[in-house]
Structure formats: C-alpha cells, structure tokens
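Architecture at a glance
As a plain string of letters, each chain reads:
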Amino acid sequence: MGIADVISLLGGLAFFLFGMSLLGDGLKRVAGSRLETILGRLTSNPVKGVLLGALVTAVIQSSSATTVMVVGFVNAGIMQLSNAVGIVMGANIGTTATGWILTLADVEGGGGFTSDTVFAAVAFVGIVLFFFCRKQTKKNVGLILLAFSVLMSGMQAMSSAMDPLRTNEAFLQFISAASNPAVSLIIGLIVTAVIQSSSASIGILQALSVTGAISYEVAVPMVLGMCIGACVPVLLSAIGANPNGKRTAVIYLYFNIVGSALFMIPFYLLHAFVPMDFMAQAANPFGIAMFNTVFKVAATLVQLPFTGVLVRLAVLTVREDSSEEDEEFQENLLDERFLNYPPLALEQCGRTVERMAAASFKNLNRSMDLFSAFNPEKYEKIMGRENVVDRYEDRIGTYLFHLNSRGLDEQQTVISSHYLHCLTDLERISDHAVHIAELAKEIIDKELDFSASGVADLNRAVNAVREIVALAQQALVQEDMALASRVEPLEEVISDMLEGMKLRHIRRLQNGTCTLEVGFVFNDLITDFERVAAHCSNVALAVLELRDGDLQFHDYTRGVRQGDQPEFRRWLACYRDKYLTTPTGE
C-alpha cells in the first residue's frame, strides 16, 4: 500500500465523514427543525421510548448525539431518568440504519449500470434541486441526495484504497493477531472512541471488509467493541452534569457492556465446543450490517424488561451530591449540549426566561407588600432574589450569545431577539423592586407617616402596578397577544394616574398635610411605578413582536394612541374608569 493509496484512503474517509454529517443535517431539516424537542415530551412508556429513540437516531445518524441530548434532558430536569433508558436503547437500534445504507455502495446492475452510475445520477438530481429550486423543502431534498452521493463516494474511495491490503503481509499479520476476540473488541472500541461515531466506524469496517481479508471472527467482536466505544463521547459530555445526567451516560455504557457480555460469553463458549464454520469466512458489508442490527435488537429485547435494574445500577454508581443547588436559581435548562440543536436550545431559553420573570415579578409584589406590613424577613428575601435575577440575566444572555453564533434561521433569530429584549426589562423591574423595598425600609427607619389621601393614592397605584405586572407575566408565559395588547392601555392610564398623584402631592405640600421628607419618598415611588409600567409595556410589546416579526415598538405605540383601534380604546376606557376616579379626602 503506497503513499498514493494512503492519500486516497484519507480523502475517502474525509468524504465519508462529511457526507454522513451532511446527510444527518439534511434529514433533520426535512423531518422538521423541532425534531429533537419530541424527545423531551416522551411518555413514561419504555417501548415508545425505544421506537422514538430509534427514529430520531436514524434521522440524525448518530446514537451518541441522541444520547448526549438525552443526558441534557435529564440534567435539565425535563425528563425522568427512568424515561431515558428506552431512548438510549432505541438509539442503539437507530444507528444501524447507516450500515444498511452503506451496503448499497457495491450494488451492481445490468446493462452496464453500476453503483457509480447510480450515485452520479443521484448527485446530479441533488445539485439541480439544491441550486435551481426556490422552495426550501426541495432544496433540503437536494441536500440529502448530495450528501448521500458524497457518503457513497467516500465509501467507495476507502474500499478502493484498501484493496492492496488483501496482499499486504504486515496487514495480514495484524488481522491474524486481531482474530483474538478480546484484541478485536479493544481495536473496535479505540477506533470508535477516536472517531466518536459508531456509525462511521462500522462504515470503515464495511469498507475494509471489501478486501476479503476480514473474517467474521474479527468483525463480530470488533462490532461489539464499536458499540462500547460509542459511549466515550457520551461519558465526556456528562462531565459537569448533575447526578442524574451522569447516570444517563452510565446507563448507556452499562447497556452496551451488558449486551456485549450476554452475547460474547455464551457465543464463544458454544463456538469452543461446536465450531461455527461461518466465523472463518470473509465478512462483507451486508453481513456486518446484518449482525450489527440483529445484535442491537436482541440486546434491547433482552434488557428492556430490566430497565429498572439498569437505573438502580446507575444510581449505585453515581451517588447523589450532598451539596444542594440554590433553589431559587436553576440554570440546568440551559445545557450546553443543546446549543447544537437551536430549536431545543431556544425552547429551554424560553423556560428559563419564564423563571426569571417569575423571580422578578415576585420580587416586585413582595416589595409593594412591605408598605402595608413591613417584614424584615421579606425585605432580606427581596435583596437575595435580586442576585438571582441578575444571575439569570447573565446566564441567559451568555447562552443566547453562543447560540446566535451557531447560525440561526430567520424565525429562530426572531425568537432569540425576543428573549434578549425581555431580559433587560425583567432585570430592571427587579432593580426597581429593590429600590421600592429600600423606600419601605426608609419609612420604617425614619418613622414617616403618609397623609390619608397620600395612602389612598399609593394603594391605587400599587393595585394598578400589580395588575400590569400580572398581565405582562401571563402574556410572556402564554405568548398571549390578547393579554399583551391590554398592557399598553393600562400603562397609559398608570402614566396619567401618576401625573395626577404628583399634582395632588404638591397641593398637600402647599397646605401642610404632607412633609418634605415624606415627599421625597413619595416622588421616588412614583418614579419607580412609572418605570415598572414602562418595562411591563416593553415586555408585552416583545410578545407582540414575536408573533409579528415586522412589528416595531415605536410605530406600534404611536399607532395605538393615534390610530383608530377600537380594542385599545375599549381597554383604555375600562382602565380609566377603574383607576382614574376622582380621589376623596384631599
């Protein structure tokens, strides 16, 4: 095997790996951008888990990638450890699809047509669809056909480059040493651990088998080793995960080790006493694909009834961490593993933004409670929760920055922008909550008293702010445009109400019913309420923008106030009747 053959082999391997990656991307696009999120909504039925794991893996062409996603789900707390076992088993079956695809590389036909002719025709059709069709669906089909052709071309290039090995003395001696099942298993494990894809390593073995130098005595244990080697990238991805995330990776390892042991021990004991002639025969791509599938299906059928045992074994292996995470700050949803799957990552961002909103709005409501009944413990909780909101803002912002660098499509970019718009407003609302709490404490420390009319104004403002906060939070969580459209008229009413409060406050100062020191606190509260309402309006507008990507904040606010929008006017009148009634006792 000369230097030219080595270069051809490396080039074929490059085409093969690139084609496999490209094929997975194309299949995912056709299957739907939210394919990965289906896994997170799995029921507890293990059989459905197996079927779903097999389907998703067949599409994305990697059992390791599927299992890494599942580790992320369990780590994020959106999937139970027991539910993950079925998907892990199904992923092992799904990854056999690649082996069957690769058996087409040497199909011959009549009339002079060979596999090369077929792949050339497929490539031509693919390039026509990809470059000349406007519809994205047809472009994606073209990408799949091109990827298929690249994959097969790489497979054939590797097979041709390896052909001289059939007479290479050093290679034959190496294969002779590898006929020991343990040695062959270790070779398969190492190769897959390095390539980090059992589908790719199986493909390389199929290409090597074309030389006729690989017997089933070598191929069978090597396939088993490749199954175990596929666990390496999953185990690496679990570093830094919580205990359940690590247990999911360990279950994948145990499943493959147990499956390999259950096959090898009885099979080779039987082979020792009753030699099986086919083991000495030369392996071929079809036979390797068949064994890979039969073994993985059988391993799943045997171990499926014992999923509980695998879970308990993983729990015994990975003990619970004695230290508890801060209950208020939960960042596990933003798992780094999800960054390779933008729809899933954005969905997790949305859930985390909801948690941030809940913490921020709860902080605000607690701070306003302090005016009716000051509680030192509540005050301290408000101060502590502010740090939680700040951490959420930093974590989500950083996560979205990394996600945006992955090349999002137009709709995903709109969603990402929506979350970024919300972050700043939610953090500012929490800042105002802290300031309001500090003002409540100042009133207690300085023993300040509001006049009766001042208390009435304050209560009315607090009720209005509570309502706009509740509307904004529900609109954000539910992505409800009807609720979001009610925020802007209420914000306008609150603005008018606060202006009226300022005028009445000046009159109280003039007639001596209010002191200057109380006045400073009162003015600061009015400013905080005004800004909180404005931030709530921004959150609601971000929800509306999410549903209508062309919506511009300033154009919308100017339009609803100046244009002919009956719905806006209806809610404006409703909130004016509710909050702008003439106060008494001035």
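Note: the structure precedes this text.
Residues numbered from 1 in each chain as written. Predicted model: local features only at pLDDT ≥ 70, side-chain atom pairs only at ≥ 80, totals over all residues. Heavy atoms only, no water.

Here we look at the overall build of the protein
Our working rule: Under the scheme used here, helices are H or I runs from DSSP no shorter than 4 residues and strands are E runs no shorter than 2 residues, and both carry numbers assigned from the N terminus. Relative accessibility under 20% of the residue-type maximum defines a buried residue, over 50% an exposed one, and the middle range a partly exposed one, all with a 1.4 Å probe and only protein chains included. Whether two residues touch is decided by their heavy atoms; if any such pair falls within 4.5 Å, the residues are in contact. A 1.4 Å probe and the Shrake-Rupley method give the accessible areas. Residues count as covered only by the protein chains that appear here.
Check the secondary structure of the protein and you find 23 helices and zero strands. Residue burial in the protein is summarised as follows: out of 586 residues, 51% are buried. For the protein, the share of sequence-separated contacts (at least 6 apart) that also reach a separation of at least 24 residues comes to 80%. For the protein, the accessible surface area stands at approximately 26500 Å², while carbon and sulfur atoms represent 59% of it.

A short note on the packing of aromatic side chains
Put simply, the test is: Here a pair means two rings of Phe, Tyr or Trp (six-membered ring of Trp) with centres within 6.5 Å. Their orientation is stacked below 30 degrees between planes, edge-to-face above 60, and tilted elsewhere. Here, over-ring charges are defined by two tests on the NZ atom of lysine or the CZ atom of arginine: distance to the ring centre within 6 Å, and angle to the ring normal within 35 degrees.
One pass over the structure, following the stated rule, counts 10 aromatic pairs. Centre to centre, the rings of tryptophan 100 and phenylalanine 286 are 5.3 Å apart; their planes meet at 75 degrees, and the pair counts as edge-to-face. Of this pair, tryptophan 100 sits in helix α5 (residues 97–102) while phenylalanine 286 sits in helix α14 (residues 285–303); the two residues are 186 residues apart in sequence, bridging distant segments of the chain. Note on tryptophan 100: relative accessible area 28%, which makes it partly exposed. Here the aromatic cluster, defined as three or more aromatic residues joined through ring pairs, consists of Phe263, Phe267, Tyr268, Phe291 and Phe295. The positively charged end of arginine 508 is found above the aromatic ring belonging to phenylalanine 522, 5.3 Å away from the centroid.

Digging into helix α17 (residues 376–404)
As a reminder of what qualifies: Here the expected span of a helix is defined as 1.5 Å times the quantity of residues minus one. Polar contacts here mean pairs of N or O atoms no more than 3.5 Å apart (in protein, one a potential hydrogen donor and the other a potential acceptor; neighbouring residues in sequence count only if both atoms are side-chain atoms).
Counted at 1.5 Å a residue, the expected span for α17 with its 29 residues is 42 Å, and the 42 Å between its end C-alpha atoms agrees. Among the residues of α17, those classed as buried are Tyr379, Ile382, Arg385, Glu386, Val388, Val389, Tyr392, Arg395, Ile396, Tyr399, Leu400 and Leu403. Elements in contact with the buried residues of α17: α16 (342–372) and α18 (410–446). Two to three positions downstream of the cap, the backbone nitrogen of glutamate 377 sits 2.8 Å from a side-chain oxygen, assigning the N-cap of α17 to asparagine 375.

Structural notes on the environment of isoleucine 144
For isoleucine 144, the location among the structural elements is in helix α7 (residues 136–162). Considering only alpha carbons, one finds isoleucine 144 and valine 122, 22 residues apart in sequence, at a separation of 9.8 Å.

Topic: the pattern of salt bridges
Defined as follows: Put simply, a salt bridge is a Lys or Arg side-chain nitrogen that is within 4 Å of an Asp or Glu carboxyl oxygen.
On inspection of all chains with the given rule, the structure shows 12 salt bridges. Residue arginine 351 is joined to glutamate 347 by a salt bridge in which the shortest nitrogen-to-oxygen separation is 3.4 Å. Pair noted here: arginine 351 and glutamate 347 are both in helix α16, with a separation of four residues, about one helical turn. Among the residues examined, glutamate 347 registers a relative accessible area of 16% and is labelled buried.

Quick look at a nonpolar patch on the surface
Rules: Nonpolar side chains (Val, Leu, Ile, Met, Phe, Trp, Tyr) within 5 Å and like charges within 9 Å form the patches, drawn only from residues with over 30% relative accessible area and no salt bridge.
Taken together, the side chains of Ile265, Leu269, Leu270, Phe273 and Val274 present a nonpolar region at the surface, about 540 Å² in accessible area. Mapped onto the elements of the fold, valine 274 is located in the loop between α13 (243–273) and α14. A relative accessible area of 48% places valine 274 in the partly exposed class.

Considerations on unusual backbone geometry
If you check the backbone angles, glutamate 447 has positive phi at about 55 degrees while not being a glycine. A residue is classified by how much of its surface remains accessible, and glutamate 447, at 68% relative accessible area, is exposed. Positive phi, normally seen in glycine, also occurs at glutamate 479, with a value near 50 degrees. Mapped onto the secondary structure, glutamate 479 falls in the loop between α19 (452–478) and α20 (481–511).

Quick look at the packing of helix α9 (residues 181–195) against helix α11 (residues 216–229)
As a reminder, the rule being used: Angles here are taken between N-to-C directions and fall from 0 to 180 degrees, while the axes themselves are lines fitted to C-alpha atoms, restricted in helices to the stretch in contact. Should an angle fall under 35 degrees it is taken as roughly parallel, and over 145 as roughly antiparallel, whereas 65 to 115 is taken as roughly perpendicular and any remaining angle as oblique. Put simply, a crossing is left-handed when the front helix is turned counterclockwise from the back one by less than a right angle, and right-handed when it is turned clockwise. Gly counts as polar in this scheme, as do all residues outside two lists: the nonpolar Ala, Val, Leu, Ile, Met, Phe, Trp, Tyr, Cys and Pro, and the charged Asp, Glu, Lys and Arg.
Running from N to C, α9 and α11 cross one another at 40 degrees; their axes reach a closest spacing of 6 Å. For the element pair α9 / α11, the angle class is oblique. The crossing of α9 and α11 is right-handed. Of the residues in α11, those touching α9 at Pro181, Ser184, Leu185, Ile187, Gly188, Leu189, Thr192 and Ala193 are Val218, Pro221, Met222, Leu224, Gly225, Met226, Ile228 and Gly229. Taken together, the residues of the contact of α9 with α11 break down into 11 nonpolar, five polar and no charged.

Comments concerning the environment of valine 318
With respect to the secondary-structure elements, valine 318 resides in the loop between α15 (307–317) and α16. Residue class for valine 318 comes out buried when judged on its relative accessible area of 13%. Residues valine 318 and glycine 245, 73 residues apart in the sequence, show an inter-C-alpha distance of 9.8 Å. Not counting residues within four places of it along the chain, the set of residues in contact with valine 318 comprises Pro243, Lys246, Arg247 and Val250.

Purely geometric numbers; function is a separate question.
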